[in-house]
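Structural overview for review
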Amino acid sequence: MYQIEIEVSGQPQGKGRPRFTRAGRTYTPSKTRDYENRIKAAAWSAMTKEGIDTTDRPVHVDVIAFMDIPKSWSKKKRLEAEYGAFRPLAGADLDNIVKAALDGIQGVVFADDRLVHSIKARKTFCHPDRGPVLYISVSWTDEGE
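Report on the accompanying structure.

Procedures and definitions
- Residues numbered from 1 in each chain as written.
- Predicted model: local features only at pLDDT ≥ 70, side-chain atom pairs only at ≥ 80, totals over all residues.
- Heavy atoms only, no water.
- Helix = DSSP H or I, 4+ residues; strand = E, 2+ residues; numbered from the N terminus.
- Buried < 20%, exposed > 50% of the residue type's maximum accessible area, 1.4 Å probe, protein only.
- Phe/Tyr/Trp six-rings, centres within 6.5 Å; stacked < 30°, edge-to-face > 60°.
- Lys NZ or Arg CZ within 6 Å of the ring centre and 35° of its normal.
- Salt bridge = Lys/Arg side-chain N within 4 Å of Asp/Glu carboxyl O.

**Regarding the overall build of the protein chain**
Secondary structure summary: the protein chain contains 3 helices and 6 strands in total. In the protein chain, the order of α-helices and β-strands from amino to carboxyl end is β-β-β-α-β-α-α-β-β. Overall, the C-alpha framework of the protein chain stretches about 50 × 50 × 25 Å when taken along its three principal axes. Put simply, the protein chain has 145 residues, and 36% of those count as buried.

**Points about the packing of aromatic side chains**
Aromatic ring pairs: the centre-centre distance and the angle between the two ring planes describe each pair. Following the criterion strictly, the structure yields 2 aromatic pairs and no others. Measuring from centroid to centroid gives 5.4 Å for Trp73 and Phe125, while their planes differ by 75°, and the two rings are edge-to-face. On the criterion of sequence distance, the pair formed by Trp73 in the loop between strand 4 (59-67) and helix 2 (75-82) and Phe125 in strand 5 (residues 116-125) is long-range, its members being 52 residues apart. Its relative accessible area of 22% is what places Trp73 among the partly exposed residues. Of note, Lys77 hangs over the ring of Trp73, and the distance from its end group to the ring centre comes to 4.4 Å.

**A closer look at the pattern of salt bridges**
Applying the stated criterion to the full structure yields 4 salt bridges. Its salt-bridge partner being Lys15, residue Glu36 comes within 2.7 Å of it at the nearest N-O pair. Note that Glu36 is positioned in helix 1 (residues 30-50) and Lys15 in the loop between strand 1 (2-9) and strand 2 (19-20), a separation of 21 residues in sequence. Taking the relative accessible area as the measure of exposure, Glu36 reaches 11% and is therefore buried. Exposure remark for Lys15: the relative accessible area of 22% places this residue in the partly exposed category. In the salt-bridge network here, residues are joined through shared partners; they are Lys15, Glu36 and Asp103.

Right, here's the structure in full:
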């Protein structure tokens, strides 16, 4: 069983909608491209540290987006959010965060995103001392499915 854990510090971002030029070509917004490159760099670092090569086996992906607690909230509400009484509803949509994560690790952790056979994802508030972070865990085996 192989497992790689990737952490990208900063507020988790979702994949932006494709943009169109006047000539009709599509492109990925630079903010999204930069964030996916940060994910790719973190994935490459984790894979190199563990000495693992890109896999062509089916993988399970676990994504946890630790979001900032809004500064405008009262101390009581911030403390309640810290201990799980509230779930983040604002910010990037969870499905877009997962898309950015998968696009960022594709080609580094696994060869193609069609190898992803299961995904578990959630958004939660981060601890104020830790700060916001995107956590990605990918696991697979060398055995048959």
